[in-house]
Number of protein chains: 2
Amino acid sequence: MTERNNAWIKEELAMEQVRNNMLKIAENSFAGTSTGAVLDDVLGSFGKMIRPRLLLLCSAFGPSPMEKSERLCMLAAMVELTHLASLIHDDIIDEAPYRRGKPSIQGKYGKDAAVYAGDFLIERVHYWMVKEQLFDAALILSKTVEDMCIGEIGQAVCRYDVNVTADQYLNNIKGKTSSLFSTACKLGAMEAGCSSDVTEKLRCFGEYLGIMFQFRDDLLDFTSSESAEGKETHKDFRDGIYTLPVLMALETPEGKEALLPIMKENASRSLSSGEIAQMEKEVIRCGGVKRTVEEIHRYAALATEILDSLEDIPEAQKIRRMLDKLESI
Amino acid sequence: MTERNNAWIKEELAMEQVRNNMLKIAENSFAGTSTGAVLDDVLGSFGKMIRPRLLLLCSAFGPSPMEKSERLCMLAAMVELTHLASLIHDDIIDEAPYRRGKPSIQGKYGKDAAVYAGDFLIERVHYWMVKEQLFDAALILSKTVEDMCIGEIGQAVCRYDVNVTADQYLNNIKGKTSSLFSTACKLGAMEAGCSSDVTEKLRCFGEYLGIMFQFRDDLLDFTSSESAEGKETHKDFRDGIYTLPVLMALETPEGKEALLPIMKENASRSLSSGEIAQMEKEVIRCGGVKRTVEEIHRYAALATEILDSLEDIPEAQKIRRMLDKLESI
């Protein structure tokens, strides 16, 4: 009990250091400008910081996490800033005034502020990577951002395509979401001196966790209470981004019959709230939500299998709890 | 004569290498996507490549440019790709379907393609910087992109501000335009082993050249033949970006009287072609164009002074010719 408490305290101390590093890396002279406001906004309230937490927890499997704690907290900050930069740039593309009920960055501060805030953060991450001589990590993180771009581009190519497959969708989310999860795990393991076998296991674990994370996010449109209003929900569907619940329903003959006509209309005009509600009903009726939940459980089992093969340290328990949280719908 | 011909041939060979490096760094699997089309577009027709040329020419002042030619050609490619990435992202902000009569990138391929193409290029530059162990250059280039962001943000802050000064304008263009010119010169000098004194002189020379380049670009709106139509010209003015010719005219009492009412209207509504033509006439009448030309000559003299203080090698003559071209209006 004492040990676990100690571990918990240390993790919170480390996360405090990560937050300080993020502020240090993102330090700027933009006060009073809209770019400064974007940066204050995204850095003003730290979210769950799931990626830096994963990085630090994975480092515990190595022989020397404590010796490397400064570098680890720096890497964790860089991973989270990379995530924030990608959110800022995604907001430009969506062109939505809102994101999940909250004003979007470009809606609030304008496109120019969003472009430069994202570019600035990415530059700063690169600058500090080289300054801190984190060269291997710099190469890995650059490749990861590239994979994120590839995933986003793949998603853009599939938009409004009624023939898009679950496989294509999976490839896209592996790039846009999962790659930064797996990189967080890999960087933590690598930096703490894990063997290449353990590092690869943790990288793979991160990939599964990222996939579950995205599936869960996709489900929200079909399970959140907002959906009753029919407003602002199903933005992905309206934008022609067909997520797993839709694609799973579409794999059934009755789903195809019910959804294809709606999807064809969707490609040519803006759907009414009634049509969106109808689509939601059909996706649920044809098992799209149920099968997505099953997929989440399947990836959770794969991730658990990896965890079971690793040393049973206190941090493994914490990672298990993160997994449980993502699995519970 | 033979020597100069030889030098010229070597420069063209080096530029060929720079172009090959650019294609290598930007290699991607995006064929058939709009992001791929953006990259093909910006890499398909190489422009004047003024920044990489400057980098290579400045390296000739060092003791060992030939030994370092591979690294120099790599740096030159990275500087040009950084320039291209900034053009791509600038197009998102302008939201213009056209840029100087040609379709803009985001107008042609959409915002998402532009965001990811720019992000991708920047990531690739960083990746290769670390892979090629160009660490000092990586730090300098990161800081330069940051300065470019700061200049763009400064420009955004000044938009539609009738009290903006020529000093503020100069600060903004030093960031957004001039910083990459001075970095090109500095990186070439540094990598070729120039003394810190010569490196600093060449950096400063690049800064002056960049300023002249921007002044010249600003003049185009007032001197190009398109202006007769009143269409598509003066996009900067319409966007509330007041450039040197306007600010110089505004410094005279008669300019203030004539221009302030137009600028105040400009902040609240879209001006007619007639009003834009009137603005242009007033700027010319009040000496805005003439004084901008004088400023170009003043910076050309400062740049020449630096060149005169350096060794008189064949490449110095070439740099002088670049300067002459920029000075001739």
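Residues numbered from 1 in each chain as written. Chains lettered and ligands numbered in written order. Predicted model: local features only at pLDDT ≥ 70, side-chain atom pairs only at ≥ 80, totals over all residues. Heavy atoms only, no water.

**Here we look at the overall build of chain A**
The cut-off we apply is this: Secondary structure elements follow DSSP: runs of H or I of four or more residues count as helices, runs of E of two or more count as strands, with numbering from the N terminus. As a reference, a globule follows 2.2 Å times the number of residues to the power 0.38, and the radius of gyration itself is taken over C-alpha atoms. For every residue, the accessible area (1.4 Å probe, protein chains only) is compared with the maximum for its type, and the residue is labelled buried under 20%, exposed over 50%, or partly exposed between those bounds.
Looking only at helices and strands, chain A features 15 helices and two strands. Relative to the globule expectation of 20 Å for 329 residues, the C-alpha radius of gyration of chain A, 21 Å, shows essentially globular dimensions. Judged by the C-alpha coordinates and their principal axes, chain A covers about 60 × 50 × 35 Å. A total of 329 residues make up chain A; the buried ones form 57% of that total.

**Quick word on the packing of aromatic side chains**
Aromatic ring pairs are reported here in terms of the distance separating the ring centres and the angle at which the planes meet. To be explicit about the condition: In summary, the pairing rule links any two rings of Phe, Tyr or Trp, Trp by its six-membered ring, whose centres are within 6.5 Å, and it sorts them by plane angle into stacked for under 30 degrees, edge-to-face for over 60 and tilted for everything else. We call a charge positioned over a ring when the NZ of a Lys or the CZ of an Arg lies within 6 Å of the ring centre and within 35 degrees of the ring normal.
Under the counting rule described, the total for this entry stands at 15 aromatic pairs over all chains. Aromatic side chains Phe-215 of chain A and Tyr-299 of chain A sit 5.8 Å apart centroid to centroid with 70 degrees between the ring planes, which places their arrangement in the edge-to-face category. Placement of Phe-215 of chain A in helix α9 (residues 196-223) and of Tyr-299 of chain A in helix α14 (residues 288-308) is noted, with a sequence separation of 84 residues between them. This pair shows no difference in class: Phe-215 of chain A is buried, exactly as Tyr-299 of chain A is. Ring geometry for Phe-237 of chain A versus Tyr-242 of chain A: centroids 5.0 Å apart, planes at 55 degrees, classification tilted. Looking at Tyr-242 of chain A, the relative accessible area reads 3%, which means it is buried. Grouped by ring-pair contacts, the aromatic residues Tyr-169, Tyr-208, Phe-215 and Tyr-299 of chain A constitute a single cluster. Sitting over the face of the ring of Tyr-299 of chain A, Arg-298 of chain A holds its NZ or CZ atom 5.0 Å from the ring centroid. Above the plane of the ring of Tyr-127 of chain A lies Lys-143 of chain B, whose end atom (NZ or CZ) is 4.6 Å from the centre.

**Points about the packing of helix α6 (residues 111-131) of chain B against helix α7 (residues 135-158) of chain B**
The packing of two helices is summarised by the inter-axis angle and the distance between the axes. All names here are of chain B. Short version of the rule: For helices, the fitted axis covers only the stretch in contact; all axes are lines through C-alpha atoms, and the angles between them, taken along N-to-C directions, range from 0 to 180 degrees. Orientation is classified from the angle alone, with under 35 degrees giving roughly parallel, over 145 giving roughly antiparallel, 65 to 115 giving roughly perpendicular, and any other angle giving oblique. Less than a right angle of anticlockwise turn of the near helix away from the far helix marks a crossing as left-handed, whereas a clockwise turn marks it as right-handed. Residues count as neighbours in contact if any of their non-hydrogen atoms are within 4.5 Å of one another. Three classes are used, and their members are as follows: Ala, Val, Leu, Ile, Met, Phe, Trp, Tyr, Cys and Pro are nonpolar, Asp, Glu, Lys and Arg are charged, and the others, Gly among them, are polar.
Direction vectors running N to C along α6 and α7 enclose 155 degrees, while the axes themselves pass 8 Å from each other. Relative to α7, α6 is oriented roughly antiparallel. The hand of the α6/α7 crossing is left-handed. Along the contact surface, α6 presents Val-125, His-126, Met-129 and Val-130, while α7 presents Phe-135, Ala-137, Ala-138, Leu-141 and Ser-142. Counted by class, the contact of α6 with α7 contains seven nonpolar, two polar and no charged residues.

**Focus on empty space enclosed by the protein**
Any space left empty among the atoms is revealed by the rolling of a water-sized probe across them. Just so we agree on the cut-off: The method works on a 1 Å grid over the protein atoms by themselves. A cavity is a set of points holding a 1.4 Å probe that cannot get out, a pocket is an open set with protein on both sides within 12 Å along at least five of seven lines, and residues with an atom within 4 Å of a point line them. Grid points are joined across faces, edges and corners, and a volume is the space filled by probe spheres set on the points.
What the rule picks out here adds up to 10 cavities of 30 Å³ or more. Of the voids in this model, the largest cavity is the one considered here, and its volume is about 90 Å³. Contributing to the lining of the largest cavity are Gln-155, Cys-158, Val-164, Tyr-169, Asn-172, Gly-240, Ile-241 and Tyr-242 of chain A. For the lining of the largest cavity, the secondary-structure elements that each account for two or more residues are α7 (135-158) and α8 (166-191) of chain A. When grouped by side-chain class, the residues that make up the lining of the largest cavity number five nonpolar, three polar and no charged. Estimated volume of the second largest cavity: approximately 70 Å³. Lining of the second largest cavity is provided by Gln-155, Cys-158, Val-164, Tyr-169, Asn-172, Ile-173, Gly-240, Ile-241 and Tyr-242 of chain B. Elements with a contribution of two residues or more to the lining of the second largest cavity: α7 and α8 (166-191) of chain B.

**Some words on the side chain of Arg-124 of chain A**
By the secondary structure assignment, Arg-124 of chain A is in helix α6 (residues 111-131). The class for Arg-124 of chain A is buried, based on a relative accessible area of 10%. Ignoring sequence-local partners within four residues, the contact set of Arg-124 of chain A consists of Lys-24, Ile-25, Ala-26 and Glu-27 of chain A together with Lys-143 and Glu-146 of chain B.

**Digging into the side chain of Glu-11 of chain A**
Residues and elements named next belong to chain A. For clarity, the cut-off: N or O atoms closer than or at 3.5 Å make up a polar contact, with two conditions inside protein: a donor-capable atom paired with an acceptor-capable one, and, for residues adjacent in sequence, both atoms drawn from side chains.
Relative to the helices and strands, Glu-11 resides in helix α1 (residues 2-25). Glu-11 gets classed as buried once you look at its relative accessible area, which sits at 12%. A distance of 2.9 Å separates the side chain of Glu-11 from the side chain of Lys-318, its partner in a polar contact.

**What to know about the interface of chain B and chain A**
Put simply, the test is: The quantity reported as buried area is the accessible area (1.4 Å probe) lost by two parts once they are put together, taken as the sum for both. Each salt bridge in this description consists of a side-chain nitrogen of Lys or Arg and a carboxyl oxygen of Asp or Glu lying within 4 Å of one another.
Taken together, the 36 residues of chain B in the interface contact 36 residues of chain A. Carbon and sulfur atoms supply 73% of the area buried between chain B and chain A, which totals about 3,500 Å² over both sides. If you sort the residues of chain B by the area they bury against chain A, Tyr-116, Glu-123 and Ile-153 of chain B come out on top, with a joint share of 19%. One can count two salt bridges joining chain B with chain A. The partner of Arg-124 of chain A in a salt bridge is Glu-146 of chain B, with the nearest N and O atoms 2.7 Å apart. Summed over the shared surface of chain B and chain A, the number is 12 residue pairs in polar contact (both at pLDDT 80 or more). Listed by contribution, the elements that provide at least two residues to the side of chain B that touches chain A are α4 (69-94), α6 and α7 of chain B.

**Looking at the state of the cysteines**
Quick reminder of the rule: Throughout, disulfides are identified as pairs of cysteine sulfur atoms within 2.5 Å of each other.
Taken as a whole, this structure holds zero disulfides over all chains when the rule is applied. A disulfide-free cysteine, Cys-73 of chain A has its sulfur positioned 14 Å from the sulfur of Cys-58 of chain A, the nearest such atom. The thiol of Cys-149 of chain B is unpaired, and the distance to the nearest cysteine sulfur, on Cys-149 of chain A, comes to 16 Å.

**Here's the deal with the relation of the copies chain B and chain A**
This is how it is decided: Overlaid copies result from least-squares superposition on C-alpha atoms, with residues included only where pLDDT is at least 70 in both.
Once turned by 180 degrees and shifted 0.0 Å along the axis, chain B lies on chain A with an RMSD of 0.0 Å. Both copies are brought into coincidence by an operation consistent with a two-fold rotation axis. Here 100% of the interface residues in chain B have copies in chain A that are interface residues too; the copies meet face to matching face.

**Details of the confidence of the model for chain A**
Residue and element names in this part refer to chain A. Operational definition: How sure the predictor is of each residue is captured by pLDDT, a score from 0 to 100.
Summing up the model confidence of chain A, the mean pLDDT is 90 and the portion of residues at 70 or higher is 92%. Taken element by element, the predicted model of chain A shows its lowest mean pLDDT in strand β1 (residues 98-99) (68) and its highest in α14 (97). Predicted confidence for residues 1-5 stays below pLDDT 50, and this span has two contacts to residues more than four positions away or in other chains. Predicted complex metrics record ipTM = 0.87 and pTM = 0.90.

**Side note on the packing of helix α14 (residues 288-308) of chain B against helix α15 (residues 314-327) of chain B**
Residues and elements named next belong to chain B. α15 packs onto α14 with a crossing angle of 175 degrees between their chain directions and a minimal axis gap of 10 Å. Classified by the angle their axes make, α14 and α15 are roughly antiparallel. Between α14 and α15, the residues in contact are Ile-296, His-297, Ala-300, Ala-303, Thr-304, Leu-307 and Asp-308 and Ala-316, Ile-319, Arg-320, Leu-323, Leu-326 and Glu-327, respectively. Counted by class, the contact of α14 with α15 contains eight nonpolar, two polar and three charged residues.

**Section: unusual backbone geometry**
We note that Tyr-160 of chain A has phi near 65 degrees; this positive angle belongs to a residue other than glycine. Residue Tyr-160 of chain A is classed as partly exposed on the basis of its relative accessible area, which comes to 27%.

**Digging into helix α2 (residues 34-44) of chain A**
All names here are of chain A. In plain terms, the rule: Note: the arc covers the axis-to-C-beta directions of the helix.
Every buried residue of α2 is accounted for by Thr-35, Gly-36, Val-38, Leu-39, Val-42 and Leu-43. Down the axis of α2, the buried side of the element spans an arc of 155 degrees, and every buried residue falls inside it. Pointing more than 90 degrees away from the buried face of α2 are the exposed residues Asp-40 and Gly-44.

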